[in-house]
Amino acid sequence: ATIILCYIRCRDLRKFAFKLVFLISISDCMSAIGDFISPPEDRCGPCMFQAYLVSIFNLASVLWTACIGHCLYRAVRHHDMDVQRFEIRYHIF
């Protein structure tokens, strides 16, 4: 939550690299909310909602991590410092 609040409050942090960290933080927070839900029984509405939150946002965290890895790979291996042009592809991915 600290990363999310700092990103929202500090305009100086609104760079592409920090945006990726912000997005992965949102995914992790939503996944944690899903972990805190304790449904009373199996196959109930809250149970299905919990399963949806945990599944989707854990996957989103993994995919945002892959996007950060791709940015680092492009910057280190190919000396490509203009990785921001991949932002649209990351959202589609």
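Structural data are supplied above this passage.
Here the structure is a predicted model, which is why all the values come from computation and not from measurement. (Residues numbered from 1 in each chain as written. Predicted model: local features only at pLDDT ≥ 70, side-chain atom pairs only at ≥ 80, totals over all residues. Heavy atoms only, no water.)

Another point: the state of the cysteines. By definition, a disulfide links the sulfur atoms of two cysteine residues through a covalent bond. Considering all chains together, one arrives at zero disulfides under this definition. Cys 6 carries a free sulfur, and the closest cysteine sulfur to it, the one in Cys 10, is 5.5 Å from it. Unpaired in terms of disulfides, Cys 44 finds its nearest cysteine sulfur in Cys 47, a separation of 5.0 Å. Taking the relative accessible area as the measure of exposure, Cys 44 reaches 11% and is therefore buried. (Disulfide = S-S within 2.5 Å. Buried < 20%, exposed > 50% of the residue type's maximum accessible area, 1.4 Å probe, protein only.)

Counting through the fold element by element, Leu 20 comes out in helix 2 (residues 16-36). Sequence separation between Leu 20 and Trp 64 is 44 residues, and the spatial gap between their C-alpha atoms is 7.1 Å. (Helix = DSSP H or I, 4+ residues; strand = E, 2+ residues; numbered from the N terminus.)

The final tally for this structure, using the stated rule, is three aromatic pairs. Between Tyr 7 and Phe 22, the ring centres sit 4.3 Å apart and the planes meet at 20 degrees, which makes this aromatic pair stacked. Of this pair, Tyr 7 sits in helix 1 (residues 2-9) while Phe 22 sits in helix 2; the two residues are 15 residues apart in sequence, bridging distant segments of the chain. (Phe/Tyr/Trp six-rings, centres within 6.5 Å; stacked < 30°, edge-to-face > 60°.)

Let's shift gears to the pattern of salt bridges. Between side chains of opposite charge, pairing is possible as soon as their charged atoms come close. Inspection of every chain in the model, using the stated rule, returns four salt bridges. Between Asp 80 and Arg 85 there is a salt bridge; the shortest N-O distance is 2.8 Å. Judged by its relative accessible area of 11%, Asp 80 falls in the buried class. Overall, the relative accessible area of 44% leaves Arg 85 in the partly exposed class. When the shortest N-O distance is used, the salt bridge between Arg 85 and Asp 82 registers 4.0 Å. Three or more residues are tied together by salt bridges with common partners; here these are Arg 74, Asp 80, Asp 82 and Arg 85. (Salt bridge = Lys/Arg side-chain N within 4 Å of Asp/Glu carboxyl O.)

Structurally, the position occupied by Ser 31 is in helix 2. Beyond its immediate stretch of four places on either side in the chain, Ser 31 contacts Val 54, Phe 57 and Asn 58. (Contact = heavy atoms within 4.5 Å.)

With that settled, the discussion passes to unusual backbone geometry. Here the phi dihedral of His 79 falls at roughly 55 degrees; this positive angle occurs in a residue that is not glycine. Within the secondary structure, His 79 sits in the loop between helix 3 (45-77) and helix 4 (87-92).

What follows deals with the packing of helix 1 against helix 2. For the pair helix 1 and helix 2, the least separation of the axes is 9 Å and the interaxial angle reads 140 degrees. Classed by the angle they form, the pair helix 1 and helix 2 counts as oblique. Here the hand of the crossing between helix 1 and helix 2 comes out left-handed. Residues Ile 3, Ile 4, Tyr 7 and Ile 8 of helix 1 pack against Phe 18, Lys 19, Val 21, Phe 22, Ser 25, Ile 26 and Cys 29 of helix 2. Its residues assigned to classes, the contact of helix 1 with helix 2 shows nine nonpolar, one polar and one charged. (Axes fitted to C-alpha atoms, helices over the stretch in contact; angles between N-to-C directions. Parallel < 35°, antiparallel > 145°, perpendicular 65-115°, else oblique. Left-handed = near helix turned anticlockwise from the far one by under 90°. Nonpolar A, V, L, I, M, F, W, Y, C, P; charged D, E, K, R; others polar.)

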